[in-house]
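# Structural overview for review
Each chain is listed here by its residues.
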Amino acid sequence: MVSATALLIADGAHAQETVYIQIEAQPSLREAEDAVRGYAAQLNDVNGFTLGGGWYGIALGPFTPDEASARLRSLRLSGQIPRDSYLAASDEYRDRFFPVGGVFGGERPAPAPAAPQITPPAPSAPDTLAAPDETPREARATEALLTQGQRELLQRALRWAGVYSAGIDGAFGAGTRRAMADWQAARGHDVTGVLTSAQRAELLGRYNAVLDGLGMAQVDETRAGIVIDMPTGVVAFDRYEAPFAIFEPSGDLPARVLLISQPGDRQTLNGLYEIMQTLEIVPPEGARARRADGFTLTGANTRIVSHTEVELREGHIKGWTLIWPAGDEERRSRVLALMKASFRTTGAVLDPAAITEDGQAVDLVSGLQVRRPRQTVSGFFVTPGGAVVTAADGLASCGRITLNGAYDAALGASDAALGAAILTPASALAPRGVAAFRTDVARLKSEIAVAGYSYGGVLSAPTLTWGTLEDMQGLNGEAPLDRLAVAAQPGDAGGPVLDPSGAVLGMLLPRAEGGAQLPSDVFFAADASALQRFLAANGVQPTAAPGGANAIAPEDLTAVAMDMTVKVNCWD
């Protein structure tokens, strides 16, 4: 498939003399013969060709490139050919089967271009078309040629016009027919309940008038194997970051489009479904639907609305994402409907190696920013069902709290004076380890270890930081506090403080902001006895560690710490 401007002969010096308008393909000769006769009853210059691989094509032509472009726009506007019709070179066709006895020949064009090809949009339909209208019988014949997406688009336009309130399903039942009749009556047309080609163009022209300035046009992304209408007036191709072809804003409107293309199977599809939801461009609030052969994702926040549709066909995963600024719903919904109606695929697929050096950063997925939490601290499991103790600071203002970035949790009890909070997972978990609290008094200057996500979750597992227990109270004699000498990091806050046997001595507290400038290795912990009283008062029976337990090997202590420590994410 090539655009009219790209149809050049091999030496590139002269325009290709003959091109065709490809309008339909069928998997059997019988189906193709039935379809081609239907088109021939309404249009001139209809041909049927074999395409190879058991497929048969229906095309109009031959034309010069300029004639073909003009006729393609006109026929799409009138609804006489499918919206996904396109210009094709003569060498895409083999033997002619219709009309019988026809002679086929033509120049051989150059290979299809690598860059995305854009077909300019047809002009909006005027209120009155100069072309003669159709009889009801002719209107039904042209209506029968509409694709599912085109039929749904007409229903959306009728809903916008205020005459239709039923579902968008592409089925022209009694409700749709009544809406068509009401629209015809309101516009002064003969009331038949079947829209003619000119009436469909008039309705869609009015419906799409809001799109003026967005430059809706067909984009043929040959490397990705995707053809789709998109707002080329506000987005432009930027780069390939497999599995995405990325179109970035080209002006003031912060809209983006991703075309998705990769080889794969259902396992790959499921992986993509999970990965897409970690991206910043897919807000967590919104509808999700997963099927065996595809999925849809919708997400919205105060800044953007994102919609993704992906399908699996014959070992290829293809789809698209539209990201649009929040608060511009009328234009977004129109663009979305046109993209849905026009989306189709070809046999090409984006090379998985098509990714830039910049796109491989650890906080990116295929060049796209991963959604990041506002704050990441640490916590530790205190029950076999997954209840967690963590630092209370800032949790009350979180829009969402997750454990290890995957499990939703709710804020239960908290104690501002102690600086501790209890988190309850939305569904029961089965942690590998649960904290056991030390009940006797530890020796001053004894060795301790703090377990936590020191670097805000950059590392996938907690780290241990070694230090010493300096005092059993705060600097002003506060009894529930232990003073530590340890080189902890902000992400360690909420993590367990362990003795050499693996028993919990306390929970690390965050450093106070704006207070006295203490030495960098001075930290405080809510001590074990205060934590046990807090848990018991809120219905959690803490596990006690046996007194005087022997020290364990450092590698064993690390394993104990990793089993009980959890990453706590606070999201907006």
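That block above? That's the structure.
Bear in mind that the values here come from a model prediction, so they are computed numbers and not experimental data.

With that settled, the discussion passes to the overall build of the protein. The secondary structure content of the protein amounts to ten helices and 32 strands. Here the protein holds 572 residues, and 49% of them are scored as buried. Considering only residue pairs separated by 6 or more positions, the protein has 62% of its internal contacts joining residues 24 or more positions apart. Counting every atom, the protein has about 25800 Å² of accessible surface; 51% of that belongs to carbon and sulfur.

On the basis of which strands lie adjacent, the closed barrel formed by six strands has the order β19-β20-β23-β22-β21-β32 and antiparallel pairing. Within the sheet, the average angular offset between the axes of one strand and its neighbour, ignoring direction, is 40°. One ladder, built from four bridges, connects strand β20 (residues 388–391) with strand β23 (residues 420–425); its direction is antiparallel. Paired with Thr-390 across the strands is Ala-421, a residue of β23. Against the sheet, helix α9 (residues 528–537) makes contact with β19 (375–381), β20, β22 (407–415) and β23, and its axis sits at roughly 45° relative to β23, the strand it touches most. Relative to strand β32 (residues 565–571), helix α10 (residues 554–564) is tilted by about 35°, and along the sheet it contacts β19 and β32.

Moving on, we come to the packing of aromatic side chains. One pair of aromatic rings is described through two measures. These are the centre distance and the angle between the planes. If you walk through the whole model with that rule in mind, you get eight aromatic pairs. When the ring of Phe-237 is compared with that of Tyr-240, the centres are 4.7 Å apart and the planes differ by 55°; the resulting orientation is tilted. Ring centres of Tyr-273 and Phe-295 lie 5.2 Å apart, and the angle between their planes is 70°; on these two criteria the pair is classed as edge-to-face. Highlighted residues: Tyr-273 in helix α7 (residues 266–276) and Phe-295 in strand β13 (residues 294–300), separated in sequence by 22 residues. Given the relative accessible area of 9%, Tyr-273 is considered buried. A relative accessible area of 1% means that Phe-295 is categorised as buried. Every member of this aromatic cluster is reached through a ring pair, and the members are Tyr-20, Phe-49 and Tyr-93. Here Arg-151 stacks its cationic end above the ring of Phe-172, 4.0 Å away from the centre of that ring. Here the basic side chain of Arg-223 rests over the ring of Tyr-240, its NZ or CZ set 4.0 Å away from the ring centre.

Direction of pairing for strand β12 (residues 288–291) relative to β13: antiparallel, over a ladder of four bridges. Residue pairing across strands places Arg-288 opposite Leu-297, the latter belonging to β13. Linking two consecutive strands that pair antiparallel, namely β12 and β13, is a turn of two residues.

Read from one edge to the other, the open sheet built from seven strands follows the order β9-β10-β11-β15-β14-β13-β12, with strand pairing classed as antiparallel. Edge positions in the open sheet fall to β9 (235–241) and β12, since each of these has one partner strand only. This sheet shows a mean twist of 15° between the axes of neighbouring strands, independent of strand direction. Where β9 and strand β10 (residues 244–249) come together, six bridges link them in antiparallel fashion. Bridge pairing links Glu-241 to Phe-244 in β10. Sitting on the sheet, α7 is in contact with β10, β11 (256–263), β12, β13, β14 (304–313) and β15 (316–325), with an inclination near 0° to β13. Here helix α8 (residues 329–342) sits on the sheet and contacts β11, β14 and β15; the angle it forms with β15, its principal contact strand, is near 165°.

As a further point, take α8. Helix length check: α8, at 14 residues, gives a terminal C-alpha distance of 20 Å against a target of 20 Å (1.5 Å per residue), a fit within 8%. Regarding α8, the residues found buried are Arg-332, Arg-334, Val-335, Leu-336, Ala-337, Leu-338, Met-339, Ala-341 and Ser-342.

This part is about the environment of Asp-182. Relative to the helices and strands, Asp-182 is located in helix α5 (residues 174–186). Judged by its relative accessible area of 44%, Asp-182 is partly exposed. In sequence terms Asp-182 and Tyr-164 are 18 residues apart; their C-alpha atoms lie 9.0 Å from each other.

Under the counting rule described, the total for this entry stands at 23 salt bridges. A salt bridge links Arg-432 to Asp-563; its shortest N-O distance comes to 3.6 Å. Of this pair, Arg-432 sits in the loop between β23 and β24 (436–438) while Asp-563 sits in helix α10; the two residues are 131 residues apart in sequence, bridging distant segments of the chain. Classification of Arg-432 as exposed rests on a relative accessible area of 69%. For Lys-445, the salt bridge identified is with Glu-470, shortest N-O distance 2.6 Å. Here Lys-445, found in the loop between β24 and β25 (447–452), pairs with Glu-470, found in strand β26 (residues 463–471); they are 25 residues apart in sequence, far enough to count as distant. For Lys-445, a relative accessible area of 58% translates into the label exposed.

Here we come to unusual backbone geometry. Between Gly-61 and Pro-62 the backbone carries a cis peptide bond, its omega angle lying at 0°. Residue placement: Pro-62 occurs in strand β3 (residues 55–63). Despite not being glycine, Glu-314 has its phi angle at roughly 50°, a positive value. With respect to the helices, strands and loops of the structure, Glu-314 is situated in the loop between β14 and β15. In the Ramachandran plot, Lys-445 falls in the positive-phi region, its phi being about 70° despite a non-glycine side chain.

How each quantity is defined
- Every chain begins its residue count from 1, and numbering advances along the sequence as written.
- pLDDT decides what is reported in this predicted model: residues at 70 or higher carry local features, side-chain atom pairs at 80 or more are listed and counted, and totals for whole chains, interfaces and linings draw on all residues regardless.
- Note that water and hydrogens are dropped before the side-chain values are worked out from all heavy atoms of the structure.
- A run of H or I in DSSP becomes a helix once it reaches four residues, and a run of E becomes a strand once it reaches two; helices and strands are each numbered from the N terminus.
- The classification of residues rests on relative accessible area computed with a 1.4 Å probe and restricted to protein chains. Under 20% of the type maximum is buried, over 50% is exposed, and intermediate values are partly exposed.
- By definition in these notes, contact holds between two residues if any of their heavy atoms fall within 4.5 Å.
- The method behind every accessible area is Shrake-Rupley, applied with a 1.4 Å probe, and residues are considered shielded solely by the protein chains displayed.
- Between any two strands, at least two bridges found by DSSP are needed for them to pair.
- An axis is simply a line fitted to the C-alpha atoms; with a helix, the fit covers only the stretch in contact. Between two such axes, the angle follows the N-to-C directions and lies from 0 to 180 degrees.
- Only the six-membered ring of Trp is used, alongside the rings of Phe and Tyr, when aromatic pairs are assigned; centres must lie within 6.5 Å, and planes under 30 degrees apart are stacked while those over 60 apart are edge-to-face, with the rest tilted.
- Distance and angle both matter: a charge sits over a ring if NZ of Lys or CZ of Arg is within 6 Å of the ring centre and within 35 degrees of the ring normal.
- Helix span, as expected, comes to 1.5 Å for every residue beyond the first.
- A carboxyl oxygen of Asp or Glu within 4 Å of a side-chain nitrogen of Lys or Arg is what we treat as a salt bridge.

None of this, on its own, says anything about what the molecule does.
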